[in-house]
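Residues per chain are reported as follows:
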Amino acid sequence: LTIDEMAGIIPFSPSHFYNLFKSGTGYSPLDYFIHLKIQCACDYLNNTVLRIKEIGPLVGYDDQYLFTRIFTKIMGQSPRGYRLTLRV
């Protein structure tokens, strides 16, 4: 979805929708969506034995390097590091 498509669902201009969304969530719509995908990845890491390279595509990242980089930026540790802290 684009900002224009989301704004079209409700009677707001794209810029007004963006500002309302950001003030309500603290995130831009894109950043919020990325955080949701990383949260889903955390669920997979917590509750499955799937390999990290299998989890990336399940949450929309076909490039494992990009998935690891974004996960690390948001979570402060790599997916592997995150999973290892769960086992301690």
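My aim in this report is to walk through the structure given alongside it, one point at a time. (Residues numbered from 1 in each chain as written. Predicted model: local features only at pLDDT ≥ 70, side-chain atom pairs only at ≥ 80, totals over all residues. Heavy atoms only, no water.)

Examining the layout of surface pockets
Threshold: Here a cavity denotes grid points, spaced 1 Å and computed from the protein atoms alone, that fit a 1.4 Å probe unable to get out, and a pocket denotes an open set having protein on both sides within 12 Å along at least 5 of 7 lines; residues with an atom within 4 Å of a point are the lining. Grid points are joined across faces, edges and corners, and a volume is the space filled by probe spheres set on the points. Strands are runs of DSSP state E lasting at least two residues, helices are runs of H or I lasting at least four, and both sets are numbered from the N terminus onward. Under the convention adopted here, Pro, Cys and the residues Ala, Val, Leu, Ile, Met, Phe, Trp and Tyr are nonpolar, Asp, Glu, Lys and Arg are charged, and Gly plus all remaining residues are polar.
Here the largest pocket is characterised by a volume of approximately 220 Å³. Along its surface, the largest pocket is lined by Leu1, Thr2, Ile3, Met6, Phe21, Pro29, Leu30, Tyr32, Phe33 and Leu36. Within the residue set of the lining of the largest pocket, elements represented by two or more residues are α1 (3-9) and α3 (29-47). Split into classes, the residues belonging to the lining of the largest pocket amount to 9 nonpolar, 1 polar and no charged.

Focus: the packing of aromatic side chains
To be explicit about the condition: Aromatic pairs are defined between Phe, Tyr and Trp rings, using the six-membered ring for Trp, whenever the two ring centres lie within 6.5 Å; interplanar angles under 30 degrees are classed as stacked, those over 60 as edge-to-face, and all others as tilted. Exposure is judged per residue with a 1.4 Å probe applied to protein chains only, and the accessible area is read against the type maximum: over 50% gives exposed, under 20% gives buried, and values in between give partly exposed. Criterion for a charge above a ring: Arg CZ or Lys NZ at most 6 Å from the ring centre, at most 35 degrees from the ring normal.
Inspection of every chain in the model, using the stated rule, returns 6 aromatic pairs. On the basis of an interplanar angle of 45° and a centroid distance of 5.9 Å, the ring pair of Phe17 and Phe21 is categorised as tilted. Here Phe17 pairs with Phe21, and both are found in helix α2 (residues 14-25), just 4 residues apart, close to one helical turn. Ring geometry for Tyr27 and Tyr32: centres 6.4 Å apart, planes at 55°, overall tilted. What makes Tyr27 partly exposed here is its relative accessible area of 33%. For Tyr32, a relative accessible area of 34% puts it in the partly exposed group. Ring pairs connect the aromatic residues Phe17, Phe21, Tyr27 and Tyr32, which therefore count as one cluster. Taking NZ or CZ as reference, Lys37 lies 4.1 Å from the ring centre of Tyr61, over its face.

A closer look at a nonpolar patch on the surface
Threshold: Every patch collects residues that have over 30% relative accessible area and no salt bridge, joining them within 9 Å if they carry like charges and within 5 Å if they are nonpolar side chains (Val, Leu, Ile, Met, Phe, Trp, Tyr). Reported accessibility uses the Shrake-Rupley method at a 1.4 Å probe radius. Residues are deemed covered only where the shown protein chains occlude them. Just to be clear on terms, a salt bridge is a Lys or Arg side-chain nitrogen sitting within 4 Å of an Asp or Glu carboxyl oxygen.
There is a patch of nonpolar side chains on the surface, built from Tyr27, Leu30, Tyr32, Phe33 and Leu36 and spanning about 480 Å² of accessible area. By the secondary structure assignment, Tyr27 is in the loop between α2 and α3.

Overview of the side chain of Ser28
Short version of the rule: Under this definition, polar contacts are N or O atom pairs within 3.5 Å; protein pairs additionally need one hydrogen-donor-capable and one acceptor-capable atom, and for neighbouring residues in sequence, both atoms have to be side-chain atoms. Residue contacts follow a heavy-atom distance rule, with two residues in contact if any of their heavy atoms lie within 4.5 Å.
Within the secondary structure, Ser28 sits in the loop between α2 and α3. In this structure the side chain of Ser28 is engaged in a polar contact, spanning 3.1 Å, whose partner is the backbone nitrogen of Asp31. Discounting chain neighbours no more than four positions away, the residues touching Ser28 are Tyr18, Phe21 and Lys22.

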